[in-house]
Every structure is written in structure tokens, then in C-alpha cells.
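What follows is the residue order along each chain.
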Amino acid sequence: MGSTFSRVRVPAHYRYHVELAPEWRVRVLPDGGVRVIAPRVLPSLPVAIDTAQIQTESRGLWSLFTGPAQVQALEKSITAQLARKAATAPMLERQREAARKTVGEFVTKWLMTQSEWRPHAGQPVQVLFADEPIEALDAACDAQPGCAAAWVGATGL
């Protein structure tokens, strides 16, 4: 008999963070550098949206009757849909390198000023995240068998 197509568009700003409270694993490498496994990167929720720029559309044979209700339902689902999108692997992967750089700066500017870590100040800092695939951890261990599993179980900070 016909259908109604409804759409809601709104600019969204995704933010991510790394929690400071969980255990961070830090190890001094043989070359004097430091390897950090920080907690996984998380989306900061809710995703920020600009409601002043929200755009709605409803068209189709029955849009005059069913369109407003569909648009309203879509508007109510924006927060949950954006939260799901923010937590997807592609979205997390897009920001991972920026987060790695920021965590590296944090380690360099704060951790390396603490008395226990001061002797390693100025040395290279390698940052990995706890949710990265084991392959990334294995690569950081120069592909030594069992190294990544042992490393994840290591303590340091």
C-alpha cells in the first residue's frame, strides 16, 4: 500500500578516554625504554550532539500520518544508537593512535617524574592497550613464544 521513510540527522562529537584508576602495567625493557599496557580505550558517553542542527525528514505515501511518530521514535533512539556506534571496533581503531600518543605523553610527563621511574626519563615509551589483539602484544615482544601472555600477567605500576 505504500511506506514511509523517516530520517534524523544530527552532528555528533565522539570522545574517548583511558581510565586512570585500573592497574597499568609498566615494564622496563632491556634497552632502557619503558613498555606500558594501559587500560582499554573507552567511549565517553553520552556522545555529544548539536541539537540546534538536527534535521528530520519523513516522506512517502503515508508520511503525513505515520511520519511524525517515526521521527519522534528515531529522535528518542539517537543516544543509544550513537553509544553503540562509539563502541564499535572501527570507531575505537580510528582514535587509537591519538590515544597512544596522549598516553605516551602522560607517561613521559608524569610517571617519569616519579622517583621510582626517574632513572628512565628520556627513554622511549611504548604504549599498548589492554584490549589490543594478542598479536599486537606478541609483536611488541619480538614474537617470543609465550612472552605476551606472561607480559599481560606482569605487574609494575
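So, here is what we can say about the structure in this document. Everything numeric here is computed off the predicted structure, so don't read it as measured data. (Residues numbered from 1 in each chain as written. Predicted model: local features only at pLDDT ≥ 70, side-chain atom pairs only at ≥ 80, totals over all residues. Heavy atoms only, no water.)

You can see Arg-15 is positioned in strand S2 (residues 12–18). The contact partners of Arg-15, leaving out residues within four places of it in the chain, are Leu-42, Pro-43, Ser-44, Pro-46 and Ala-48. Reaching out from Arg-15, the side chain makes a polar contact with the backbone oxygen of Pro-46 at a distance of 3.2 Å. (Helix = DSSP H or I, 4+ residues; strand = E, 2+ residues; numbered from the N terminus. Contact = heavy atoms within 4.5 Å. Polar contact = N/O pair within 3.5 Å; in protein donor to acceptor, adjacent residues only side chain to side chain.)

Looking now at the packing of aromatic side chains. One pass over the structure, following the stated rule, counts two aromatic pairs. Both rings, one in Trp-24 and one in Phe-106, keep their centres 5.7 Å apart while their planes meet at 55°; by these two values the pair is tilted. With a gap of 82 residues between them, Trp-24 in the loop between S2 and strand S3 (25–28) and Phe-106 in helix H2 (residues 89–109) connect regions that are remote in the sequence. Considering the side-chain rings of Phe-106 and Trp-110, the 5.7 Å spacing of their centres and the 10° angle between planes classify their relative orientation as stacked. One aromatic cluster is present, formed by Trp-24, Phe-106 and Trp-110 through successive ring pairs. (Phe/Tyr/Trp six-rings, centres within 6.5 Å; stacked < 30°, edge-to-face > 60°.)

Moving on, we come to the side chain of Gln-95. With respect to the secondary-structure elements, Gln-95 resides in helix H2. Among the polar contacts listed, one links the side chain of Gln-95 to the backbone oxygen of Leu-92, at a separation of 2.5 Å. Excluding residues that lie within four positions of it along the chain, Gln-95 makes contacts with Tyr-16 and Val-41.

Turning our eyes to something else, we now look at the nonpolar core. Most often, soluble globular proteins keep nonpolar side chains buried together rather than apart. Ranked by size, the top nonpolar core spans 15 residues in total, and within it Val-18, Trp-24, Val-36, Ala-38, Val-103, Val-107 and Phe-129 carry the most contacts. Elements with a contribution of two residues or more to this core: strand S4 (34–38), H2 and strand S7 (125–129). When neighbours within four sequence positions are excluded, Val-107 is seen to be in contact with Trp-24, Val-36, Met-112 and Val-125. The next biggest cluster of nonpolar side chains, apart from the first, holds six residues, and it includes Val-8, Val-47, Ile-78 and Leu-82. (Core = buried A, V, L, I, M, F, W, Y, C linked by side-chain atoms within 4.5 Å. Buried < 20%, exposed > 50% of the residue type's maximum accessible area, 1.4 Å probe, protein only.)

Moving on, we get to unusual backbone geometry. For the bond running from Leu-45 to Pro-46, omega is 0°, close enough to zero to count as cis. Structurally, Pro-46 can be placed in strand S5 (residues 41–49).

Here we come to the pattern of salt bridges. Here the structure, examined in full by the defined rule, presents six salt bridges. In this structure, Arg-100 and Glu-132 form a salt bridge, with 2.8 Å as the shortest nitrogen-oxygen distance. Highlighted residues: Arg-100 in helix H2 and Glu-132 in the loop between S7 and helix H3 (134–140), separated in sequence by 32 residues. Each of the two residues, Arg-100 as well as Glu-132, counts as buried. Through salt bridges with shared partners, one network takes in Glu-93, Arg-96 and Asp-131. (Salt bridge = Lys/Arg side-chain N within 4 Å of Asp/Glu carboxyl O.)

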